[in-house]
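# A look at the structure
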Amino acid sequence: MIRLWILALQMSELFVSSVVHLVYGFYIFSTAVAFDLSQALNDCFKPNVNIGVKEDESRGGSPSVDGLPPIVLVHGIFGFGKGRLGGLSYFAGAEKKDERVLVPDLGSLTSIYDRARELFYYLKGGQVDYGEEHSKACGHSQFGRIYEQGNYPEWDEDHPIHFVGHSAGAQVVRVLQQMLADKAFKGYENSSENWVLSITSLSGAFNGTTRTYLDGMQPEDGRCLKPICLLQLCRLGVIVYDWFDIPWLKAYYNFGFDHFNLSWKKIGVWGLVDCLLGNTGPFVSGDWILPDLTIQGSIRLNYHLNTFPNTFYFSYATKRTRKIMGVTVPSSILGIHPMLFIRVLQMSQWRHPPDVPPPYKGYRDEDWQDNDGALNTISMTHPRIPIEHPSHFVVNDSECQPLQPGIWYYKIVEADHVLFIVNRERAGVQFDLIYDSIFERLFPRLSAFLSKQVKLAANSKQSSHGNEPTRHVCLWCTHRGLKLSIFLGDPWPQLDSSMASISYILCEVICINTLSYNIKLVFENYFKKASDLQLYLEGAFKFKG
């Protein structure tokens, strides 16, 4: 009787979870369709108004502005890049905050490994090569999508990139950086980990999540699915979706399994039956994303991933739980997305099955109770299993100046897993504050890279003003819309008559949220007095002068 009661509760929970996820998926899809229809109607009635805007959007974000390294936003599970789901933005329009931002469209359910390979060719161009050995082992084609034009083909050690990854996207970037260090891309033997300037994680899945077990992964090995679970329903839906292979629908949203050749044109009806019965396909080989998000799967990945000494690492971990009399419970009702509330409660009460060996030595249930509805907070701070990587918990930004590469700086934000994505209005001011601080930090003065490039540029040109130092446009400040020049020379030269005649004011500033080194600036015909400059920079700079 008790077993029947437990089974009834489990089936009820499965039904509720399925309905909630389906409704939310339909809401996202219908929102995208409605947006596209409104845009189409607007274009019909006002054909000349948005022509320039549409052309600019079709080209995507500018990969490099005035030589600045681009910022690449990498989506998580069930995510999508620019061009999918019409005009809907996975990152809720955050990419519009900076002209350098790229938003690749990777497989939404493909494995971390496959997505890392896709990300490389998205940037460099060419046909995606998943690797011969890996492809044979997983039973799919070695080659995938063709990028005739890379989105940042000049990418190398002299033209590195900032990466920002949400959820599983953060782990994708780490795997990509390791591949670059291992020179794993044929024809690119000069690749190195220094192609990555920084990695910023937003609710990153570094160490797995207990939610995978609640959704249907077996806690015994982190590879197989339970016979009846939410992920089984997901598996069936994905197979049928890919088998029908409706071009306009897949152009709108794609799970990313095209290299498995699941289309009815390739496998026919009996191939579909074979996939549905679990005899073949990505869900049998394990080459999909859920096994990588179990604790065991993350450990298998982390064994081969390093934190590199010349890369800057930042992490925003999220949680929507709190302790009341020693019991972990959701910290809010209205503040948690309806799709995540049940999972926040379940994950906060998670207990690893007593008859199953723990996923790693030293595992404790209480360490994994704080969560954001999708990932456990302990998993998001920094890579820690099986090896603890260097890290620093940030309470106040000023505590960690100057920033050091090779260390994971992490904050814990009171939010659920979808704060950073899809619905900007729901996140409110916090959304803008977080993304603004991220993009501010990712200006090129962050690293020695830009300093080296600027000095090389200064040394490569001779001044046409006698002893007067060579001036170059300040990349960061030009990007911000200020008319500044970098002054490289003896510190604090006097304002002689020749310089005063062309209205030069020399000042020294140290920018907030960057490395604490001095940049000498020359303001051309912009400020008449140093006091004007000081007032202008107040709140943005720590001013000396």
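The structure presented is a predicted model; accordingly, all values stated were derived computationally and were not measured.

### Side note on the side chain of serine 135
Take serine 135: it is sitting in helix α4 (residues 132-138). Owing to a relative accessible area of 3%, serine 135 belongs among the buried residues under this scheme. Beyond its immediate sequence surroundings of up to four residues, serine 135 is in contact with Tyr130, His140, Ser141 and Gln142.

### A word on unusual backbone geometry
Across residues other than glycine, the phi torsion is negative in most instances, and most of the peptide bonds are trans. In this model, isoleucine 385 is joined to proline 386 through a cis peptide bond whose omega is 5°. Topologically, proline 386 is positioned in the loop between α14 (377-380) and β10 (391-393). The backbone of phenylalanine 78 shows a phi angle near 60°, a positive value even though the residue is not glycine. Counting through the fold element by element, phenylalanine 78 comes out in the loop between β1 (71-74) and β2 (101-102). A positive phi angle is found at lysine 183, which is not glycine, with a value near 55°.

### Structural notes on the side chain of histidine 166
Structurally, histidine 166 is set in strand β5 (residues 161-166). When its relative accessible area of 1% is taken as the criterion, histidine 166 is described as buried. In terms of polar contacts, histidine 166 uses its side chain to reach the side chain of tyrosine 90, at 2.7 Å. Discounting chain neighbours no more than four positions away, the residues touching histidine 166 are Val74, His75, Gly76, Tyr90, Phe91, Leu202, Ser203, His417, Phe420 and Ile421.

### Focus on the sheet that holds β10
Taken in spatial order, the 7 strands make up an open sheet running β2-β1-β5-β6-β7-β11-β10, and their pairing is parallel. Of all strands in the sheet, those with a lone pairing partner are β2 and β10, marking the two edges. One ladder, built from 6 bridges, connects β5 with strand β6 (residues 196-202); its direction is parallel. Paired with valine 164 across the bridge in β6 is threonine 200. Packed on one face of the sheet, helix α3 (residues 112-124) meets β1, β2 and β5 and runs near 145° to β1. Contacts from helix α5 (residues 168-181) reach β1, β5, β6, β7 (312-319) and β11 (408-414) within the one sheet, and its direction differs from that of β5 by about 140°.

### Let's talk about helix α12 (residues 295-302)
Judged by how many residues are buried, α12 sits mostly within the fold: 7 of 8 residues are covered. Every buried residue of α12 is accounted for by Ile295, Gln296, Gly297, Ser298, Ile299, Leu301 and Asn302. Where α12 is buried, its residues contact α3, α5, α6 (211-215) and α11 (289-293).

### Description of the pattern of salt bridges
Counting across every chain of the model gives 9 salt bridges. When the shortest N-O distance is used, the salt bridge between aspartate 215 and arginine 211 registers 2.8 Å. Within this pair, aspartate 215 and its partner arginine 211 are both found in helix α6, separated by 4 residues, close to a single helical turn. Across the salt bridge formed by aspartate 215 and arginine 343, the nearest N and O atoms sit 2.7 Å from each other. In this pair, aspartate 215 is assigned in helix α6 and arginine 343 in helix α13 (residues 338-348), connecting sequence segments 128 residues apart. Of the two residues examined, aspartate 215 and arginine 343, each falls in the buried class.

### Focus: the pairing of β7
Most of β7 is tucked away, with 7 of its 8 residues classed as buried. Pairing of β6 with β7, which is carried by 5 bridges, proceeds in the parallel orientation. Within β7, the residue paired with serine 201 across the bridge is serine 315. As defined by bridge partners, β7 adjoins β11 across 7 bridges and the pair is classed as parallel. In the sheet register, alanine 317 faces β11, and the bridge partner there is isoleucine 412.

### Overview of the nonpolar core
Nonpolar side chains tend toward joint burial in soluble globular proteins. Counting residues in each nonpolar core, the largest one holds 103 residues, and the members touching the most others are Leu119, Leu123, Trp155 and Phe163. Top element by residues in this core is α5. It accounts for 8 residues. The residues contacting phenylalanine 163, other than those within four sequence positions of it, are Val72, Val74, Leu119, Leu123, Trp155, Val173, Leu176, Val196, Ser198, Ile199 and Thr200.

### Side note on the packing of helix α1 (residues 2-45) against α13
Interhelical geometry of α1 versus α13 gives an angle of 145° and a closest axis separation of 9 Å. Between α1 and α13, the residues in contact are Glu13, Val16, Ser17, Val20, His21 and Tyr24 and Pro338, Met339, Ile342, Arg343 and Gln346, respectively.

### Notes on the pairing of β5
Taking burial as the measure, the 6 residues of β5 include 6 buried ones, the bulk of the element. Here β5 shows no split at all, with Ile161, Phe163 and Gly165 on one side and His162, Val164 and His166 on the other all buried. One ladder, built from 4 bridges, connects β1 with β5; its direction is parallel. Paired with valine 72 across the two strands is phenylalanine 163, which belongs to β5. One crossover worth recording links β5 to the parallel β6 by way of α5, and it is right-handed.

### A short note on the packing of helix α7 (residues 230-244) against helix α9 (residues 264-276)
At a minimum axis separation of 9 Å, α7 and α9 run at an interaxial angle of 165°. Comparing the axis directions of α7 and α9 gives the class roughly antiparallel. Crossing of α7 over α9 shows left-handed handedness. Residue-level contacts link Arg235, Leu236, Ile239, Val240, Trp243 and Phe244 of α7 to Trp264, Ile267, Gly268, Val269, Leu272, Cys275 and Leu276 of α9.

### Notes on the packing of aromatic side chains
A complete count under the given rule lists 27 aromatic pairs for this structure. Ring plane angle 75° and centroid distance 6.0 Å describe the contact between tyrosine 121 and phenylalanine 185, whose orientation is recorded as edge-to-face. Here tyrosine 121 is found in helix α3, whereas its partner phenylalanine 185 is found in the loop between α5 and β6, with 64 residues between them in sequence. The same class applies to tyrosine 121 as to phenylalanine 185, namely buried. Summarising the aromatic geometry, the rings of phenylalanine 420 and tyrosine 435 are spaced 6.5 Å apart at their centres and angled 85° between planes, so their arrangement reads as edge-to-face. Of this pair, phenylalanine 420 sits in the loop between β11 and α15 (424-427) while tyrosine 435 sits in helix α16 (residues 429-441); the two residues are 15 residues apart in sequence, bridging distant segments of the chain. For the pair formed by phenylalanine 420 and tyrosine 435, the shared burial category is buried. In textbook terms, an aromatic cluster arises when at least three aromatic residues are bridged by ring pairs, as seen for Phe120, Tyr121, Trp155, Phe163, Phe185, Tyr188 and Trp195.

### What about the UniProt feature "transmembrane region" (unreviewed entry) in the protein chain?
Mapped onto this structure's residue numbering, the UniProt feature "transmembrane region" (unreviewed entry) falls at residues 12-35. Split by type, residues 12-35 is 100% helix and 0% strand. Its first and last C-alpha atoms lie 35 Å apart.

Rules used throughout
- Residues numbered from 1 in each chain as written.
- Predicted model: local features only at pLDDT ≥ 70, side-chain atom pairs only at ≥ 80, totals over all residues.
- Heavy atoms only, no water.
- Helix = DSSP H or I, 4+ residues; strand = E, 2+ residues; numbered from the N terminus.
- Buried < 20%, exposed > 50% of the residue type's maximum accessible area, 1.4 Å probe, protein only.
- Contact = heavy atoms within 4.5 Å.
- Polar contact = N/O pair within 3.5 Å; in protein donor to acceptor, adjacent residues only side chain to side chain.
- Pairing = 2+ DSSP bridges.
- Axes fitted to C-alpha atoms, helices over the stretch in contact; angles between N-to-C directions.
- Salt bridge = Lys/Arg side-chain N within 4 Å of Asp/Glu carboxyl O.
- Core = buried A, V, L, I, M, F, W, Y, C linked by side-chain atoms within 4.5 Å.
- Right-handed = clockwise from strand over helix to strand, strands pointing away.
- Parallel < 35°, antiparallel > 145°, perpendicular 65-115°, else oblique.
- Left-handed = near helix turned anticlockwise from the far one by under 90°.
- Phe/Tyr/Trp six-rings, centres within 6.5 Å; stacked < 30°, edge-to-face > 60°.
- UniProt positions renumbered as here; feature names shortened; annotations may be inferred.

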